[in-house]
Amino acid sequence: RFIIHGLLYIHNLHLWLTSFRQFYEENKPFTCLDGSRTIPFDRVNDDYCDCRDGSDEPGTAACPNGSFHCTNAGFRPTFIPSSRINDGICDCCDTTDEYNSGAKCENTCKELGQKEHEVLQKMAEITKEGFLLKQQLIQEAKNRQQEKQSKLTELQNNKKELEEKVEALRTVKETAEQPEKEAKELHLKAWEGKVDGMCDQLIIVFLFFSVAVAELQTHAELDTDADGTVSETEAQGLLGGVDHVDTASFEKVWDNIKDKYVSEVSNNSQDSHTPDITRAPPTVKTPPKKDEDEEAMPPYDDETRVLIDAAQKARDNFEESERALRDVDDQMKNIEKEISFDFGPDSEFSYLYSQCYELTTSEYIYKLCPFNRVSQKPKYGGSETNLGTWGTWAGPEDNKYLLMKYEHGTGCWQGPNRSTTVKLTCGKETTVMSTSEPSRCEYLMEFTTPAVCQEPEAVISSLHGHDEF
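Residues numbered from 1 in each chain as written. Predicted model: local features only at pLDDT ≥ 70, side-chain atom pairs only at ≥ 80, totals over all residues. Heavy atoms only, no water.

Caption draft 1: Highlighting the overall build of the chain. The helix and strand inventory of the chain stands at 8 helices and 12 strands. Restricting to contacts in the chain with at least 6 residues of sequence separation, those with at least 24 account for 46%. About 28,500 Å² of surface is accessible on the chain, with carbon and sulfur atoms providing 49% of the total. (Helix = DSSP H or I, 4+ residues; strand = E, 2+ residues; numbered from the N terminus. Contact = heavy atoms within 4.5 Å. Areas by Shrake-Rupley, 256 points an atom, 1.4 Å probe, with all protein chains shown as cover.)

Caption draft 2: Expanded view of the pattern of salt bridges. Inspection of the entire model under this criterion finds 17 salt bridges. Between E129 and K428 there is a salt bridge, with its nearest N and O atoms 3.5 Å apart. You can see E129 sitting in helix 2 (residues 109–209) and its partner K428 sitting in the loop between strand 10 (419–426) and strand 11 (431–439), a full 299 residues away along the chain. Since its relative accessible area comes to 39%, E129 is described here as partly exposed. (Salt bridge = Lys/Arg side-chain N within 4 Å of Asp/Glu carboxyl O. Buried < 20%, exposed > 50% of the residue type's maximum accessible area, 1.4 Å probe, protein only.)

Caption draft 3: Summary view of the packing of aromatic side chains. Taken as a whole, this structure holds 15 aromatic pairs when the rule is applied. The interplanar angle of 55° and the centroid separation of 5.4 Å between the aromatic rings of F341 and Y353 together place this pair among those described as tilted. Taken as a pair, F341 in the loop between helix 7 (302–340) and strand 5 (357–360) and Y353 in the loop between helix 7 and strand 5 lie far apart in primary sequence, 12 residues in all. When sorted by exposure, F341 lands in the same class as Y353, which is buried. Ring geometry for F341 and F371: centres 5.6 Å apart, planes at 55°, overall tilted. Here F341, found in the loop between helix 7 and strand 5, pairs with F371, found in the loop between strand 6 (364–369) and strand 7 (373–378); they are 30 residues apart in sequence, far enough to count as distant. (Phe/Tyr/Trp six-rings, centres within 6.5 Å; stacked < 30°, edge-to-face > 60°.)

Caption draft 4: Summary view of the side chain of T385. Examined against the element boundaries, T385 turns out to sit in strand 8 (residues 385–393). Overall, the relative accessible area of 17% leaves T385 in the buried class. Excluding residues that lie within four positions of it along the chain, T385 makes contacts with V374, S375, Q376, T410 and R418.

Caption draft 5: View of the pairing of strand 5. On strand 5, burial follows the alternation: Y357 and L359 on one face are buried, whereas E358 and T360 on the facing-out side are not. The turn joining strand 5 and strand 6, which pair antiparallel and follow one another in sequence, is formed by 3 residues. (Pairing = 2+ DSSP bridges.)

Caption draft 6: Unusual backbone geometry, seen in detail. Here the phi dihedral of D47 falls at roughly 65°; this positive angle occurs in a residue that is not glycine. Looking at the secondary structure, you find D47 in the loop between strand 2 (38–39) and strand 3 (67–70). Assessed through its relative accessible area of 48%, D47 is described here as partly exposed. Phi at F371 takes a positive value of approximately 65°, unusual for a residue other than glycine.

Caption draft 7: How the structure looks around the environment of L155. Following the sequence through the fold, L155 ends up in helix 2. C-alpha of L155 to C-alpha of D329: the two residues are 174 residues apart in sequence and 8.2 Å apart in space. Sequence-distant contacts of L155, that is, excluding residues within four places in its chain, are made with V328, Q331, M332 and I335.

Caption draft 8: Structural view of the nonpolar core. Of all hydrophobic cores here, the largest spans 28 residues; its most connected members are F349 and F371. Among residues more than four places away in sequence, those in contact with F371 are F341, D342, F343, F349, L352, Y353, W390, W393, M404 and Y406. Formed by 10 residues, the second largest nonpolar core is a distinct cluster that contains L155, L162, L169 and L325. (Core = buried A, V, L, I, M, F, W, Y, C linked by side-chain atoms within 4.5 Å.)

Caption draft 9: Representation of the pairing of strand 7 within the structure. Pairing between strand 6 and strand 7: 6 bridges, direction antiparallel. If you follow K367 over to strand 7, its bridge partner there is S375. Counted along the chain from strand 6 to the antiparallel partner strand 7, the turn is 3 residues long, and its residue F371 has a positive phi close to 65°. Bridging between strand 7 and strand 8 involves 4 bridges; their strand directions are antiparallel. Note that in strand 8 the partner of V374 across the bridge is G388. If you look at the hairpin formed by strand 7 and strand 8, you'll find 6 residues sitting between the two strands, and G381 has a positive phi there, around 100°.

Caption draft 10: Broad picture of the sheet that holds strand 11. Read across the open sheet, the 8 strands follow the order 5-6-7-8-9-10-12-11; overall the sheet is mixed. Of all the strands in the sheet, just strand 5 and strand 11 have a single pairing partner and so form its edges. Looking at each pair of strands side by side, their axes are set apart by 25° on average, direction ignored. (Axes fitted to C-alpha atoms, helices over the stretch in contact; angles between N-to-C directions.)

Caption draft 11: Looking closely at the state of the cysteines. Enumeration over the complete set of coordinates arrives at 8 disulfides. In this model, C70 is linked to C92 through a disulfide, with the two sulfur atoms separated by 1.7 Å. Handedness of the C70-C92 disulfide follows from its S-S torsion of about -45°: it is left-handed. Highlighted residues: C70 in strand 3 and C92 in the loop between strand 4 (78–81) and helix 2, separated in sequence by 22 residues. Across the pair, C92 and C70 agree in class, each one buried. (Disulfide = S-S within 2.5 Å.)

Caption draft 12: Structural detail: the UniProt feature "coiled-coil region" (unreviewed entry) in the chain. As annotated in UniProt, the feature "coiled-coil region" (unreviewed entry) corresponds to residues 138–179 and 311–338 in the numbering used here. Along residues 311–338 the backbone is 100% helical and 0% strand, and the end-to-end C-alpha distance reaches 41 Å. (UniProt positions renumbered as here; feature names shortened; annotations may be inferred.)

Caption draft 13: Inspection of the environment of S436 at higher detail. Topologically, S436 is positioned in strand 11. For the pair S436 and E446, spaced 10 residues apart in sequence, the C-alpha separation works out to 8.9 Å. If we ignore the near neighbours within four places in the chain, the residues touching S436 are E442, Y443 and L444.

Caption draft 14: Structural detail: helix 7. Taking 1.5 Å of rise per residue, the 39 residues of helix 7 would be expected to cover 57 Å, and the 57 Å separating its terminal C-alpha atoms lies within 8% of that figure. Those residues of helix 7 that fall on the buried side of the exposure criterion are T304, I308, A311, A314, R315, F318, S321, L325, V328, M332, I335 and E338. (Expected span 1.5 Å × (residues − 1).)

Caption draft 15: The arrangement of the environment of Q149 in detail. Within the secondary structure, Q149 is located in helix 2. Accessibility expressed as a relative area gives 38% for Q149, which makes it partly exposed. Remark: the alpha-carbon pair of Q149 and I339, spanning 190 residues in sequence, is separated by 8.5 Å.

Spelled out as structure tokens, the structure:
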């Protein structure tokens, strides 16, 4: 990481030097960089400050607000503030900044140049290997893109077929459910009718349990000798020659009178002569209530069972086809979502999708899931904190793919929602290098990946040729 940062500094400095070189041309008048005046070139570096910005004295300490140019032959040129000239501290590796201070400085430019060369070589190797890996990632991304597109086309065709199948099975299901419904309704009605009949019979039975001879005499429909009245003798005869009957005795006489009696009760249910069914003689006990199992609806007959099984099979087939259709829809949505992401000019970042990378520190475990979210979890137990969900690429205009922005994480106490900026640098490995919190609730994560490695020749050539003024 430090090698990369050092090279970037060298690169930027070289660009600065190169950009200003055009203003220092011998045998041509020199214009101060702030545009304040123009002077003959022989007054540049004459140890007298002519320009207010000190730009005419890059090689002397004449201007207090100027910059001194360290030639640093064998290493790389640099600038230091003019205030540091002859201050007794060696700033330039070639010792030129202390030419009149008496300080004992050693020229270390050759040694520094050798170290920098080693750094450049190492960087060149990393960049070369990283760039080769990047080419592999690009090729794999192309293959993966073609596979995804082919899969999406296949799923689209399957969806059409499944939609047709679902509608066909819906019709089969509805067709099978109609006779099932009718058969169940008939079964229910038959059972309800039987129960109603049993209830009517029980009412009649309890009615007779609760009446005496005198009460039967009020029912002219039970007249046996057709004289229009029921005599005491006739009533006793109906009850088997006694004034009251028990269950066993009543069942023997019930078959002879039930049809006529029921008919009369049906036709005269509101008649004032209807016996009081709420009054039961003390000698008659109410029969115990039947168990729930005895009152439950009986099983369906074989024919109805066949219809139920057929309808259930049709429902199962329909539901299975619906599940298959939903599964296809989910797969299509996932592929379309993945395809929609901006994975770089050549999709070189696509390999990061659906992957997560962790960094463990002394206190926390940080997890980066590219194109998804960043999180933080205490190392020794505790809940996870969302440090931001995928937002956008946020690098500079010339290469936006150097920074990732994750936003709208868990809110800080009396503060903003957490967010994370991920800085991407070239490396052979894909790994989280470091994490920090430069501002409250704003995190910075450094992440190396081959996907950002540039072509080696382009990087190294930009760092060579450190010409001097």
